[in-house]
Amino acid sequence: MERAMILSGGGARGAFQVGVWRYLSEIGWRPELVCGSSVGAINAAAMGCGMTVETMTRLWKSYSRRRMYRMTFHKFLLTMGQKDRFHPMMDTEPLRRILEDTLDIASLRGCDMEILITAVNMRTSRLRYFTHKEITVDHLMAASAMPLIFPWQTIDGDPYWDGGVIANTPLRPALDRGAATIVAVLLSPIGRRPLPLPRTHAELAELAFEQFLVGSYLVVREQPAASNTRILTVCPSEPLGFKSFLDFDGAKAEALIKEGYRNAKAQLGGML
């Protein structure tokens, strides 16, 4: 395998990946494998369905928090501490309807790229990869089911939630297939340069969250890869803040798409 693209999880920050895909499309770089976790799984499926960059951009710019999920925080609080009763913070039926209305699953089945998405079996804590030959909207809902925040999903009789819990940047399939070049799209710049120590509780929480987003990438990246494998990364220029995780907003999505394009051009230019 020559080319693979890895899409990390990161909630509303996923608009950044659309900008990166725009740049790669412009230079004619098309991967044979796209593997994604969480929002990266949804973007990967959209790419596999043949959705154009223009359509992905339009959809991301049209999203708002109310179109993606409904707050059910009161029910979450009411069930806290109660045995055998649990309610997530948010209802994701609006997201399900968006996926059902916008994704052409039949086209995904015939995709000429291999599309893989990740989810974690809650009973076994094993990471599972689902292929474009089997992915449904249920699989995408499971892949993006952030613990406590979104409801988990049942697949083949087992409960699954967000693959980012185990591998937010799922490099392993590309490495196992011997990809010559891997483009990993991260949704945090943490690890590129040393940062000052946190000074407040909020800064401490944000640093921990940013490290979670890139942790699986950094661990795998430090392991020796095959001599013919190049791992190239694209990421935001600066940390985006904890709020950006669920801040679905058209104007902010547009800004992230533009930043994804700019950063891909700057960070990958001349290397592909």
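A quick note: this is a predicted structure, and the numbers were derived from the prediction, not measured. (Residues numbered from 1 in each chain as written. Predicted model: local features only at pLDDT ≥ 70, side-chain atom pairs only at ≥ 80, totals over all residues. Heavy atoms only, no water.)

(A) Expanded view of the pairing of strand β5 (residues 114-121). In terms of residue burial, β5 counts as a mostly covered element, since 7 of its 8 residues are buried. Relative to β5, strand β2 (residues 33-36) runs parallel, the two being bridged by 4 bridges. Residue Val 34 lies in a different strand from β5, and its bridge partner there is Ile 115. By the bridge criterion, 5 bridges tie β5 to strand β6 (residues 127-131) in an arrangement that is antiparallel. Paired with Ala 119 across the bridge in β6 is Arg 128. Linking β5 back to β6 in an antiparallel pair, the connection comprises 5 residues, with Ser 125 at a positive phi of about 60°. The sheet contact formed by β5 and strand β8 (residues 158-162) spans 3 bridges and is antiparallel. By the bridge assignment, Val 120 is partnered in β8 with Trp 161. (Buried < 20%, exposed > 50% of the residue type's maximum accessible area, 1.4 Å probe, protein only. Helix = DSSP H or I, 4+ residues; strand = E, 2+ residues; numbered from the N terminus. Pairing = 2+ DSSP bridges.)

(B) Summary view of the packing of helix α1 (residues 15-26) against helix α3 (residues 53-62). For the pair α1 and α3, the least separation of the axes is 10 Å and the interaxial angle reads 160°. When the axis of α1 is compared with that of α3, the two are roughly antiparallel. Two packed elements cross with a definite hand, and for α1 against α3 that hand is left-handed. Within the contact between the two elements, α1 uses Ala 15, Val 18, Trp 21, Arg 22 and Ser 25 and α3 uses Val 53, Glu 54, Met 56, Thr 57 and Trp 60. Residues that form the contact of α1 with α3 fall into these classes: 6 nonpolar, 2 polar and 2 charged. (Axes fitted to C-alpha atoms, helices over the stretch in contact; angles between N-to-C directions. Parallel < 35°, antiparallel > 145°, perpendicular 65-115°, else oblique. Left-handed = near helix turned anticlockwise from the far one by under 90°. Contact = heavy atoms within 4.5 Å. Nonpolar A, V, L, I, M, F, W, Y, C, P; charged D, E, K, R; others polar.)

(C) Broad picture of the pattern of salt bridges. Within the structure shown, the criterion is met by 12 salt bridges. With its nearest N and O atoms 2.7 Å apart, the salt bridge here joins Glu 210 to Arg 13. Of this pair, Glu 210 sits in helix α11 (residues 201-222) while Arg 13 sits in the loop between β1 (3-7) and α1; the two residues are 197 residues apart in sequence, bridging distant segments of the chain. Note on Arg 13: relative accessible area 0%, which makes it buried. Here Arg 172 ties to Asp 176 by a salt bridge, and the two come within 3.5 Å at their closest N and O atoms. (Salt bridge = Lys/Arg side-chain N within 4 Å of Asp/Glu carboxyl O.)

(D) Expanded view of the packing of aromatic side chains. Counted under the stated rule, the structure contains 7 aromatic pairs. Ring geometry for Phe 130 against Tyr 160: centres 5.7 Å apart, planes inclined by 75°, an arrangement best described as edge-to-face. One end of the pair, Phe 130, is in strand β6; the other, Tyr 160, is in strand β8, with 30 residues separating them in the sequence. The exposure class assigned to Phe 130 is buried, which follows from its relative accessible area of 1%. On the numbers, 4.9 Å between centres and 75° between planes, the contact of Phe 209 with Phe 245 is edge-to-face. (Phe/Tyr/Trp six-rings, centres within 6.5 Å; stacked < 30°, edge-to-face > 60°.)

(E) Highlighting the pairing of β1. With respect to burial, β1 is a largely interior element, 4 of its 5 residues being buried. Pairing geometry for β1 and strand β9 (residues 181-185), over 5 bridges, is parallel. Within the sheet, the bridge partner assigned to Ala 4 lies in β9 and is Ile 182. When β1 meets β2, the two strands line up parallel, connected through 4 bridges.

Scope: geometric values only; no functional claims are made or implied.
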